[in-house]
Amino acid sequence: MSTTGIVYRPRRLRATPGMRRLVAETRLHPADLVLPLFVKEGLTEPAPLASMPGQVQHTEESLVEAVRAARDAGLGGVMLFGIPTVKDANGSQADAADGILQRALRASRKVLDEVPEGTATPVLMADTCLDEFTDHGHCGVLTADGRVDNDATLTRYASMAVAQAKAGADVISPSGMMDGQVAMIRDALDDADFLDTSILAYSAKYASAYYGPFREAVDSELKGDRKTYQMDFANAREGLREADLDLAEGADIVLVKPAGSYLDVLRAVADRSDVPVAAYQVSGEYAMIEAAGANGWIDRDRAVLESVTSIKRAGADVILTYWALELAEWIK
Ligand code: PBG
């Protein structure tokens, strides 16, 4: 026993920057990070998003530049969202071969593949959901009495997935929370011979207020809410069931969304999943830190790093974040 009576002094491991670095349990790497990108048909200039300072709706040209930047920064992936000029009840542009998302995927594929043979390039992910493409703004097609029709929507997702795979997507990302969507898409991809195209399943996706700024980003037409398909934020166990079902249906990666308010769900999914786990730090999480930072109420840069590192600490192998490019620069 020492004369002070204190045997254990955990502060020793915090005493210097070098020691803290040595013992850090969690470290971000650019390859962990996926950058979500919005591309809007018919735009001539990138359009800044008021509620997401620093983020834009891209033109087809500026999108390609952003994908090139992601590639050069060594990011793990990019996730593309398309906004068509024409929206209709079925979201017909979602699976059109020349639809905005397919065009953007083809252009991105080209840029991403401009690397020496055998070099890793960011994984090309496509959002597989109808809400950007429907005039009513729901993630699926509607029944005559206005409810979201699960099984009719699955047919649309299957077609969309194949169109995205044909356009060069590595990863199909069903984010609409329809029952059976992973199995349906897997079947469709396999039938079309896209055996190597992966599925990132939005497994535990909650009906969340934190998607607010995203709705501006995709010019969403939604009135009402998504509570009959997205999950109730009161429920954690149900999120595990959703993840289990997606794993059983053949998901290659499972995702929890939003991230910051659902770290408990993320940890629990990570503990039982034997496939990689992703988390999506969504638009509202981004907007809150940007807004508080701009007001001088918090140290923006430190909050960015803390929020994203915490998502990794909670169990995410892959993190979708609008700060991906900026973080990759810092980490370097
Ligand atoms: C639906 C979708 C949403 C987001 C990604 N995909 C919005 C929603 O469910 O209403 C939100 C992403 C974000 O807020 O950053 N296709």
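This is a predicted model, so every value here is computed, not measured.

1. Notes on the overall build of the protein chain
Next up, step 1: Of regular secondary structure, the protein chain possesses 11 helices and 10 strands.
Next up, step 2: In terms of overall size, the protein chain behaves like a compact globule, its C-alpha atoms giving a radius of gyration of 21 Å where 332 residues would be expected to give roughly 20 Å.
Next up, step 3: Once the C-alpha set of the protein chain is aligned to its principal axes, its extents read approximately 80 × 45 × 40 Å.
Next up, step 4: Within the protein chain, counting contacts between residues at least 6 apart in sequence, those at least 24 apart form 74% of the total.
Next up, step 5: Split by element, the accessible area of the protein chain, about 15,200 Å² in all, is 52% carbon and sulfur.
Next up, step 6: Side-chain charges in the protein chain split into 34 positive and 50 negative, and the spacing between the mean points of these groups amounts to 9 Å.

2. Re the environment of leucine 124
Next up, step 1: As for its placement among the helices and strands, leucine 124 is situated in strand 5 (residues 123–128).
Next up, step 2: If we ignore the near neighbours within four places in the chain, the residues touching leucine 124 are Val78, Leu80, Leu105, Ser108, Arg109, Leu112, Gly168, Ala169, Asp170 and Val171.

3. Considerations on helix 11 (residues 324–331)
Next up, step 1: Considered for burial, the residues of helix 11 that qualify are Ala324, Leu327 and Ala328. Buried positions in helix 11, seen along its axis, are confined to an arc of 105 degrees and lie on one side of it.
Next up, step 2: Tucked inside the fold, the buried residues of helix 11 contact strand 1 (33–40) and helix 10 (300–313).

4. Description of the site of the ligand
Next up, step 1: Taken together, 18 residues are adjacent to the ligand, and Arg215, Gln230, Lys257, Ser283 and Tyr322 come closest.
Next up, step 2: One of the side-chain nitrogen or oxygen atoms of serine 175 is found 3.2 Å away from a nitrogen atom of the ligand.
Next up, step 3: The separation between an oxygen atom of the ligand and a polar side-chain atom of lysine 205 is 2.9 Å.
Next up, step 4: Against a free-state accessible area of 400 Å², the protein chains account for coverage of 100% of the ligand.
Next up, step 5: Looking at the shell around the ligand residue by residue, the class counts come to 8 nonpolar, 3 polar and 7 charged.

5. Side note on the pattern of salt bridges
Next up, step 1: Under the counting rule described, the total for this entry stands at 21 salt bridges.
Next up, step 2: Arginine 109 is paired through a salt bridge with aspartate 113; the nearest N and O atoms lie 2.9 Å apart.
Next up, step 3: A residue is classified by how much of its surface remains accessible, and arginine 109, at 16% relative accessible area, is buried.
Next up, step 4: In this structure, arginine 109 engages aspartate 170 in a salt bridge whose closest nitrogen and oxygen atoms are separated by 3.0 Å. With a gap of 61 residues between them, arginine 109 in helix 3 (residues 100–112) and aspartate 170 in the loop between helix 4 (150–166) and strand 6 (171–174) connect regions that are remote in the sequence.
Next up, step 5: Judged by its relative accessible area of 27%, aspartate 170 is partly exposed.
Next up, step 6: Because the salt bridges share partners, they merge into one network encompassing Glu65, Arg68, Arg71, Asp72 and Glu114.

The rules we used
Residues numbered from 1 in each chain as written. Predicted model: local features only at pLDDT ≥ 70, side-chain atom pairs only at ≥ 80, totals over all residues. Heavy atoms only, no water. Helix = DSSP H or I, 4+ residues; strand = E, 2+ residues; numbered from the N terminus. Rg over C-alpha atoms; globule rule 2.2 N^0.38 Å. Contact = heavy atoms within 4.5 Å. Areas by Shrake-Rupley, 256 points an atom, 1.4 Å probe, with all protein chains shown as cover. Lys, Arg positive; Asp, Glu negative; His and termini not counted. Charge placed at Lys NZ, Arg CZ, Asp CG, Glu CD. Buried < 20%, exposed > 50% of the residue type's maximum accessible area, 1.4 Å probe, protein only. Arc of directions from axis to C-beta. Near = heavy atom within 4 Å. Polar contact = N/O pair within 3.5 Å; in protein donor to acceptor, adjacent residues only side chain to side chain. Nonpolar A, V, L, I, M, F, W, Y, C, P; charged D, E, K, R; others polar. Salt bridge = Lys/Arg side-chain N within 4 Å of Asp/Glu carboxyl O.

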